[in-house]
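Spelled out, the chains give:
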Amino acid sequence: AGALEMDLSLGNRENALRESLRALVEASGTELEIRNPEITVPPPTQMLAIFQIAHEAAANAITHGAADHVIVTLLEADGGYRMDVVDDGTGAPAECLAPRPGHLGMRAMRVHAERVGGTLELSSTLGRGVTVTAWVPGDISIELGGRRQT
């Protein structure tokens, strides 16, 4: 919960993702690389979804995949934002990438993406890590708590 309490206001969005993930990986000794080509900073709702997916993907890479390296890349693509989280961990069989009872991480990432009108794709090769690709639209309007948020 502490990571999600970070300030996601306009001036802090770029650093919030970096600092939250850095704290997560430093405890494990995993090396983190964040690649953000010159992009416009995503609006708060999209940034929060990106943030939550990246955090879960990195946590899974460390906890379940024993990854030594995690690379997070954020790009503007197709009228929105695409994020790839790639690790060099043990990988996972296809059945582990599908939602399963008692395993909430994969389902949670998909929910975060779909909540803002986005998509999530997972791929893996045993022994070569997992790639999580999320896309969220750049301009959305959704109902949150009875108020319109953009």
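The structure this text deals with has already been given above.
Only a predicted model underlies this, so the values are computations on that prediction, with no experimental measurement involved. (Residues numbered from 1 in each chain as written. Predicted model: local features only at pLDDT ≥ 70, side-chain atom pairs only at ≥ 80, totals over all residues. Heavy atoms only, no water.)

### Quick notes on the overall build of the protein chain
Defined as follows: Counting from the N terminus, the helices are the DSSP runs of H or I reaching at least four residues and the strands are the DSSP runs of E reaching at least two. The buried label applies to any residue whose accessible area, calculated with a 1.4 Å probe on protein chains only, is under 20% of its type's maximum; exposed applies above 50%, and partly exposed to all values in between. Throughout, a contact is declared for two residues whenever any of their heavy atoms are within 4.5 Å.
The helix and strand tally for the protein chain stands at four helices and seven strands. When the elements of the protein chain are put in sequence order from the N terminus, they spell out α-β-α-β-β-α-α-β-β-β-β. Sorting the 150 residues of the protein chain into buried and exposed places 41% on the buried side. Sequence-distant contacts, at least 24 apart, represent 65% of the contacts inside the protein chain between residues at least 6 apart.

### Some points on the environment of Leu32
Mapped onto the secondary structure, Leu32 falls in strand E1 (residues 31-35). Here Leu32 is in contact with Arg18, Leu21, Arg22, Val25, Val70 and Val72, once residues within four sequence places are set aside.

### Side note on unusual backbone geometry
Within the chain, Ala66 stands out as a residue other than glycine whose phi angle is a positive 50°. Along the polypeptide, Ala66 turns up in the loop between helix H2 (44-63) and strand E2 (69-77). Even without being glycine, Asp78 reaches a positive phi, approximately 50°. Note on placement: Asp78 falls in the loop between E2 and strand E3 (80-87).

### Considering the packing of H2 against helix H4 (residues 105-115)
So the rule is basically this: To obtain an axis, a line is fitted to C-alpha atoms, over the contacting stretch when the element is a helix, and the angle between two such axes runs from 0 to 180 degrees between their N-to-C directions. Here is the rule for angles: anything less than 35 degrees is roughly parallel, anything more than 145 is roughly antiparallel, 65 through 115 is roughly perpendicular, and the remaining ranges are oblique. The crossing is said to be left-handed when, going from far helix to near helix, the turn is anticlockwise and less than a right angle, and right-handed when the turn is clockwise. Only Asp, Glu, Lys and Arg are considered charged in this grouping, and only Ala, Val, Leu, Ile, Met, Phe, Trp, Tyr, Cys and Pro are considered nonpolar; every other residue, Gly among them, is considered polar.
With their axes 9 Å apart at the nearest point, H2 and H4 run at an angle of 165° to one another. Taken together, the axis directions place H2 and H4 in an arrangement best described as roughly antiparallel. Our pair here, H2 against H4, has a crossing hand that is left-handed. Of the residues in H4, those in contact with Thr45, Ala49, Gln52, Ile53, Glu56, Ala57 and Asn60 of H2 are Gly105, Met106, Met109, His112, Ala113 and Arg115. For the contact of H2 with H4, the per-class residue count stands at six nonpolar, five polar and two charged.

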